[in-house]
Amino acid sequence: MKEKRQTNRTFRLLLLTLGLIASVIAIFYVMSDDDVLTIKPLALNVRTKPGTEHPVIAQVHRNTNVIVLDEKNGWYHIELADKTSGWVAGWLAKDGLSGPVTELPAVITEDEVLLRENPADKGKKLTTLKKNDTVTVVLEKNGWARIIADNVFGWVPSHTLTPSEKGIPTPEKQTPLYVNTAELVVRTNPDLESRGFLTLKYGEQVAFAKKTKDWFEVTVADGRSGYVRPWAVSQSKLTEDSYYGIVPMAEYTVVLDAGHGGNDPGSETNNGTVVEKEVTLSTAQAVQAELVSYGFNVIMTRDTDTYIDLADIAAVSNQANADAFISFHFDSYDVPNAVSGTTTYYYHDRDIDLAHTINKFIKSTLPLENRGTEYADYQVLRDNRRPAVLLELGYMNSDYDASIIVKDSYQEKVAKAVRKGLIHYFNGG
Ligand SMILES: [Zn+2]
């Protein structure tokens, strides 16, 4: 009897201890870093669903703690302090070096900060900023912030500033404001649940009326008034130059596919010295460098001389839920030197807009004849569930084309054309 009671006590003690350990583990689990995320970029867009095609409902700033509820295609489902939830680009939240900033008031946090012409430690110095100076951030890219200070554009390391607690300043009545997101819904009330009666596109203009809570009341072109979020409009006019310079592309995922590779060389030049797989890779890498410098999230199907099964190429795009997929190729024709020029191919109807937009810039930027956009049944396009195009950027077996397409200068022009095309495409241009 005595012995049994002792056993019972020991057993209860054991249970209690186990219970305690379990609770401690549970608490640690709930509190673990995996679930609580501290936002590192200066700003992140919070969207209704995982993907840039879904509307922005809020922005979160650096050092905000959010709870991660779920993950999908690299996007995090987060809950904010006020219990609203939405999706942010996970790769931006994680690396913390780039963000889709539009016009964010920020304060310099270090004694002396040099404003530079370019995002580099050796960039030309424009002026010196002092602690507590207020500036406007328009873009954050690779750890640098592009800012406006006293009407001068320049770059500072983004760790030298912090979002201003005062928030976005209230403009004077009738001040023109320009839409700085791809699409902006104007609502009947200062409330996300209220009806949107108009959708404006990037660069369109409204007039400021008054500030109500976290919303701006604005007047639209036909005289009606409605409500927009302050961070979705800019006071500075978006010129063609600023359009390419400050449009925040950080949330957009682009998959680049260098055609052929490994034991599949593709076509070759008439003298047999250059094979297609080499030119597609160096061209795709030039485009990659250009897009990364504009803050895009770029995924390469290959960046070495390897063969990738055709069936696996579109899968990369589908898996990443890419905003655009671009495959790079160079053409060949039965008769050498008979044909010259570039062609942009699409397969699905949803690809046509992307094809036309990119081709417009290929036509205006590249020295070769533009053969237009065309339908073609390529597997990398057919299997793609995301907007996809295949670029044939010149004929390998045209001596004239071959002498041009191997040059760095040509591939850099391709990179610029693709970058401009994508920015226009994503902004509904
Ligand atoms: Zn090819």
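Here, every reference points to the structure presented above.
The structure displayed is predicted, hence computed values, not measured ones.

*Asks:* Would you mind going over the overall build of the chain in detail, with residue names and values included?
*Replies:* Helix and strand counts for the chain stand at nine helices and 26 strands. Looking at the chain as a whole, 52% of its 429 residues qualify as buried. Counting only contacts in the chain whose residues sit at least 6 apart along the sequence, the fraction spanning at least 24 positions is 67%. For the chain, the exposed surface amounts to about 21,200 Å²; the carbon and sulfur share of it is 50%.

*Asks:* Before we move on, could you go through the packing of helix α6 (residues 352-365) against helix α9 (residues 408-426) and cite the residues and values that matter?
*Replies:* Packed helices, taken two at a time, are described by the angle their axes make and the gap between the axes. One can describe the packing of α6 onto α9 by two numbers: an axis separation of 8 Å at closest approach and a directional angle of 140 degrees. The pairing of α6 with α9 is recorded here as oblique in orientation. Where α6 crosses over α9, the handedness of that crossing is right-handed. The residues of α9 that touch α6, namely those facing Asp353, Leu354, Thr357, Ile358, Phe361, Ile362 and Thr365, are Lys413, Ala417, Lys420, Gly421, Leu422, His424 and Tyr425.

*Asks:* Before we move on, could you go through the coordination of the zinc ion and cite the residues and values that matter?
*Replies:* Donor atoms from the polypeptide that bind the zinc ion are His260 (NE2), Glu276 (OE) and His329 (ND1), placed at 2.1 Å. Each donor residue of the zinc ion belongs to the same chain, and together they define the spacing H-x15-E-x52-H. Taken together, the positions of His260 in the loop between β21 (253-258) and α4 (276-293) and His329 in strand β23 (residues 324-331) put the pair 69 residues apart, joining distant regions of the chain. The exposure class assigned to His260 is partly exposed, which follows from its relative accessible area of 23%.

*Asks:* Explain a nonpolar patch on the surface to me, using residue names and the numbers behind them.
*Replies:* Taken together, the side chains of Val36, Ile67 and Leu69 present a nonpolar region at the surface, about 230 Å² in accessible area. Since its relative accessible area comes to 39%, Ile67 is described here as partly exposed.

*Asks:* Can you explain the pattern of salt bridges? Please cite residues and give values.
*Replies:* Across all of its chains, the model carries nine salt bridges by this definition. Taking the shortest distance from any N to any O, the salt bridge between Glu251 and Arg47 comes out at 2.8 Å. Linking Glu251 in the loop between α3 (240-246) and β21 with Arg47 in strand β2 (residues 43-47), this pair joins segments that are 204 residues apart in sequence. Across this residue pair, the class does not change: Glu251 and Arg47 are buried. For Lys83, the salt bridge identified is with Glu79, shortest N-O distance 3.6 Å. By relative accessible area, Lys83 is classed as exposed at 61%.

*Asks:* Lay out the pairing of strand β19 (residues 225-228) in plain terms, naming residues and giving numbers.
*Replies:* Bridge analysis of strand β18 (residues 215-219) against β19 gives four bridges, and the strand direction is antiparallel. Bridged to Val218 within β19 is Gly226. From the end of β18 to the start of β19, which pair antiparallel, there are five residues, and Gly223 there has a positive phi angle of about 95 degrees.

*Asks:* Can you break down the packing of aromatic side chains residue by residue, with the values?
*Replies:* The full count for this structure, using the stated rule, is eight aromatic pairs. Between Trp75 and Trp91 the ring centres are 5.6 Å apart and the planes differ by 85 degrees, which places this aromatic pair in the edge-to-face class. Of this pair, Trp75 sits in strand β5 (residues 75-79) while Trp91 sits in helix α2 (residues 90-95); the two residues are 16 residues apart in sequence, bridging distant segments of the chain. Given the relative accessible area of 3%, Trp75 is considered buried.

*Asks:* Outline helix α5 (residues 310-320), listing residues and values.
*Replies:* Among the residues making up α5, those that are buried are Ile313, Ala314, Ser317, Asn318 and Ala320. The positive-phi residue at the C-terminal boundary of α5 is Asn321, with phi of around 50 degrees.

*Asks:* I'd love a proper account of empty space enclosed by the protein, names of residues and values included.
*Replies:* Tallying each qualifying case throughout the model produces two cavities of 30 Å³ or more. Computed from the structure, the second largest cavity encloses a volume of approximately 30 Å³. For the lining of the second largest cavity, the per-class residue count stands at five nonpolar, three polar and one charged.

*Asks:* I'd like a rundown of the environment of Gln174, residues and numbers included.
*Replies:* Assignment of secondary structure puts Gln174 in the loop between β13 (161-163) and β14 (176-179). A sequence separation of 45 residues divides Gln174 from Thr219, and the C-alpha atoms of the two residues are 8.5 Å apart.

*Asks:* Which residues make up the sheet that holds strand β26 (residues 388-395), and what values do they have?
*Replies:* As a general point, the strands of a sheet are linked pairwise by backbone hydrogen bonds and lie either parallel or antiparallel. Ordered by their spatial adjacency, six strands build an open sheet running β22-β21-β23-β26-β24-β25, and the pairing between neighbours is mixed. Among the strands making up the open sheet, the edge pair consists of β22 (297-300) and β25 (370-375). In this sheet, neighbouring strand axes are inclined to one another by 20 degrees on average, regardless of whether the strands run parallel or antiparallel. Sheet analysis places strand β24 (residues 342-346) next to β26, joined by three bridges and oriented antiparallel.

Basis of the calculations
- Residues numbered from 1 in each chain as written.
- Predicted model: local features only at pLDDT ≥ 70, side-chain atom pairs only at ≥ 80, totals over all residues.
- Heavy atoms only, no water.
- Helix = DSSP H or I, 4+ residues; strand = E, 2+ residues; numbered from the N terminus.
- Buried < 20%, exposed > 50% of the residue type's maximum accessible area, 1.4 Å probe, protein only.
- Contact = heavy atoms within 4.5 Å.
- Areas by Shrake-Rupley, 256 points an atom, 1.4 Å probe, with all protein chains shown as cover.
- Axes fitted to C-alpha atoms, helices over the stretch in contact; angles between N-to-C directions.
- Parallel < 35°, antiparallel > 145°, perpendicular 65-115°, else oblique.
- Left-handed = near helix turned anticlockwise from the far one by under 90°.
- Donors = N, O, S within 2.8 Å, 3.2 Å for Na, K, Ca; no water.
- Patch = residues over 30% accessible without salt bridge, like charges linked within 9 Å, V, L, I, M, F, W, Y side chains within 5 Å.
- Salt bridge = Lys/Arg side-chain N within 4 Å of Asp/Glu carboxyl O.
- Pairing = 2+ DSSP bridges.
- Phe/Tyr/Trp six-rings, centres within 6.5 Å; stacked < 30°, edge-to-face > 60°.
- 1 Å grid on protein atoms, 1.4 Å probe; cavity = no way out; pocket = protein on both sides within 12 Å on 5 of 7 lines; lining within 4 Å.
- Points joined across faces, edges and corners; volume = space filled by probe spheres on them.
- Nonpolar A, V, L, I, M, F, W, Y, C, P; charged D, E, K, R; others polar.

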